[in-house]
Amino acid sequence: MALIDEITRRRTFAVIAHPDAGKTTLTEKLLLFGGAIHVAGAVKSNKIKKGATSDFMEIERQRGISVATSVMGFNYKDVKINILDTPGHEDFAEDTYRTLTAVDSVIIVIDGAKGVEAQTRKLMNVCRMRNTPVMVFINKLDRPCKDPFDLLDEVERELQIRVRPLAFPISSGDTFKGVYNIYEKNLSLFTSDERQTADASTVDFSDISSPELDTYISKQYADQLRENLDLVEAVYDEFDREAYLEGKLAPVFFGSAVNNFGVRELLECFIRIAPSPRKSTTENRLVEPSEAKMTGFVFKIHANMDPNHRDRIAFMKICSGTFERNKNYLHVRSGKQLKFSSPTAFMAEKKSVIDFAYPGDIVGLHDTGTFKIGDTFTEGEKLKFTGIPSFSPELFRYIENADPMKFKQLAKGIDQLMDEGVAQLFTSNLNGRKIIGTVGQLQFEVIQYRLEHEYGAMCRWEPISIHKACWIESDNAEQLADFKRRKHSNMAVDKHGRDVFLADTSYALALAQENFKDIRFHFTSEF
Ligand code: G4P
């Protein structure tokens, strides 16, 4: 198959949601359709269940599972689908943010009873930064849900994106009748049957004024549906695919993932409208997927669970050309030529060595500690892909060595864990002490545990009161120097030596922004 055909048949995306909205369930149903798995329950998420936060064995076990489910590839109707999994636990949100840099589109799952929740908003902000096209699946219609129009308004308002329903539900909860598929012009009748597969019970209904509709869902609900659909047509513009591809308009579907209801309709529409691999931005130029030469970047690094084999898997997204096994590629950061004898691809829960991979595919590379997040591979060109920022962490602690004999091990462990993107390291200008910043409490426990079990080092945490870390820069060198002098005790450098301001309180940050107008305060590392 020609490269261009391989590209156009690929869809690489992530399912994102607030925990418990149904991300895992939906992912599993999608895999069932692809024939990638055959029984429900075969794919467990990498989510760490609530209440297991201090159970380290659970964390380790989940890390193992998450290697297997990091990428789930399958074929559906000649389309090669790659679903990138994202951690369900919000303490690992940073992992999710990075995974979102490797996808071409996103499906957002929302619980129809709860509406838009905190984590969904945060994730949507990341999608917005990259204009990622998003589709919305409103889930759990088998439970009493909010009014569909209210939900649509809520999505529009809270996620700051225009919406266009491509399906519309008929009631919810005990009286849930089904969904009218505006996109396909047919009616899917709700049956709560988990084994339901590709042929759901759908009835063609291009003309919903037909009295026949009443026989399926009763006159009362048929009339209500007609009224609602009239309102949809009056309120929302025609579905505009271009606006969707630009990340400005989200098509919305309704269903019940656990009952495998509405999932086929979502998938059918997805393969038709979702984008194949898109152009990627580098510091130098835009890279087209159809370029003959291979380029790709590492967006995720996964440490091996087995402490006796401390190797890691680096996940590379192919951005252009054809990746080949045993071919030399330039590792741009080190300037070295590297080749991979056993690159792996992921099909559902199986991992296998591959000879070729194409744009949109994710390849697992064996890594002994040389790779970092953001590393670029090319056939010689010195490119650096952009759009893999670090986000300003929210929790901070000093990290101290608890075993003076293991100083080197600790330094190496911290270094490698930071390269993996587990957390961020800052060095205080005031006292040279090392500060770890994370997005969740759990990371501190994970770091301590992994330092001990993988590196034989012991660490101790000490409290530090910081509200926010932000990267600063300015064209006004004098003002920047003045700021750094005055705020000396609140200044630090990140791992790359860049200036970071550690604001004690939101008030101190607001005051600094007010008093130093020429300084730009950034909340992501890429600006
Ligand atoms: P997550 O990955 O987004 O965190 O959510 P997950 O799929 O694990 O779903 C969270 C809970 O919601 C699960 O129940 C799941 O069965 C349920 N669920 C998912 N889709 C639907 C739906 O369409 N309708 C209803 N009523 N429930 C749904 P659980 O009790 O937490 O777990 P489990 O023991 O059932 O696996």
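Above: the structure in question.
Residues numbered from 1 in each chain as written. Predicted model: local features only at pLDDT ≥ 70, side-chain atom pairs only at ≥ 80, totals over all residues. Heavy atoms only, no water.

For Q160, which is not a glycine, the phi torsion comes out positive at approximately 50°. Among the structural elements, Q160 can be located in the loop between α6 (148-158) and β6 (162-165). The phi dihedral of N260 is positive, around 55°, even though this residue is not glycine. Relative to the helices and strands, N260 is located in the loop between β11 (249-254) and α9 (263-273). Owing to a relative accessible area of 3%, N260 belongs among the buried residues under this scheme. (Helix = DSSP H or I, 4+ residues; strand = E, 2+ residues; numbered from the N terminus. Buried < 20%, exposed > 50% of the residue type's maximum accessible area, 1.4 Å probe, protein only.)

A few words on the site of the ligand. As a matter of local geometry, the ligand sits amid 16 residues, with D20, T24, T25, D142 and S256 nearest to it. Computed on the free molecule, the ligand has an accessible area of 700 Å², of which 69% lies beneath the protein chains in the complex. Of the residues forming the shell around the ligand, the biggest block, three residues, is contributed by helix α2 (residues 23-33). (Near = heavy atom within 4 Å. Areas by Shrake-Rupley, 256 points an atom, 1.4 Å probe, with all protein chains shown as cover.)

Of note, D375 is situated in the loop between β22 (362-367) and β23 (376-378). Sequence-wise, D375 and F385 are 10 residues apart; in three dimensions their C-alpha atoms are separated by 8.1 Å. When near neighbours in sequence (up to four residues on either side) are disregarded, D375 contacts G296, F297, V298, H331, R333 and T370. A polar contact of 2.9 Å, which involves the side chain of D375, links it to the backbone nitrogen of K372. (Contact = heavy atoms within 4.5 Å. Polar contact = N/O pair within 3.5 Å; in protein donor to acceptor, adjacent residues only side chain to side chain.)

Below, the discussion takes up the sheet that holds strand β7 (residues 167-170). Taking strand neighbours across the sheet as the criterion, the four strands line up as β7-β8-β9-β10 in an open arrangement whose pairing is antiparallel. On the outer flanks of this sheet lie β7 and β10 (202-204), each paired with one strand and no other. Going across the sheet, the axis of each strand differs from the next one's by a mean of 20°, ignoring polarity. In the sheet, β7 pairs with strand β8 (residues 178-181) via four bridges, with the strands oriented antiparallel. Following the sheet pairing, F168 is matched in β8 by Y180. (Pairing = 2+ DSSP bridges. Axes fitted to C-alpha atoms, helices over the stretch in contact; angles between N-to-C directions.)

This brings us to the packing of aromatic side chains. Overall, the coordinates contain 20 aromatic pairs when judged by the stated rule. Ring centres 5.4 Å apart and planes at 20° place the aromatic pair F323 and Y329 in the stacked group. For the pair shown, F323 and Y329 are each scored as buried. Aromatic side chains F340 and F371 sit 6.2 Å apart centroid to centroid with 65° between the ring planes, which places their arrangement in the edge-to-face category. Here F340, found in the loop between β18 (336-338) and β19 (344-347), pairs with F371, found in the loop between β22 and β23; they are 31 residues apart in sequence, far enough to count as distant. Members of the aromatic cluster, joined through ring pairs, are F323, Y329, F340, F371 and F377. (Phe/Tyr/Trp six-rings, centres within 6.5 Å; stacked < 30°, edge-to-face > 60°.)

Along the chain, Q416 turns up in helix α10 (residues 407-419). If near-sequence neighbours (up to four positions away) are discounted, Q416 is found in contact with R312, G369 and Y455.

Turning our attention to the pattern of salt bridges. Following the criterion strictly, the structure yields 42 salt bridges and no others. Here K80 makes a salt bridge to D361, at a shortest N to O gap of 3.3 Å. Of this pair, K80 sits in strand β3 (residues 79-84) while D361 sits in the loop between β21 (356-357) and β22, and the two are 281 residues apart along the sequence. By relative accessible area, D361 is classed as buried at 6%. The closest approach of N and O atoms between E184 and R264, which form a salt bridge, is 3.6 Å. On the criterion of sequence distance, the pair formed by E184 in the loop between β8 and β9 (186-189) and R264 in helix α9 is long-range, its members being 80 residues apart. The exposure class of E184 is partly exposed, given its relative accessible area of 21%. The class of R264 is buried, set by a relative accessible area of 11%. (Salt bridge = Lys/Arg side-chain N within 4 Å of Asp/Glu carboxyl O.)

Spatially, β27-β24-β26-β25-β29-β30-β28-β31 is the arrangement adopted by the eight strands of the open sheet, whose pairing is antiparallel. This sheet does not close on itself; its edge strands, each paired only once, are β27 (459-463) and β31 (519-522). Across the sheet, the mean angle from the axis of one strand to that of its neighbour is 40°, orientation sign disregarded. Here strand β25 (residues 424-428) runs beside strand β29 (residues 491-493); their pairing, made up of two bridges, is antiparallel. When the bridges of β29 are listed, T427 appears paired with V493. Sheet contacts for helix α11 (residues 441-455): β24 (395-401), β26 (434-438) and β27; angle to β24, the most-contacted strand, approximately 20°.

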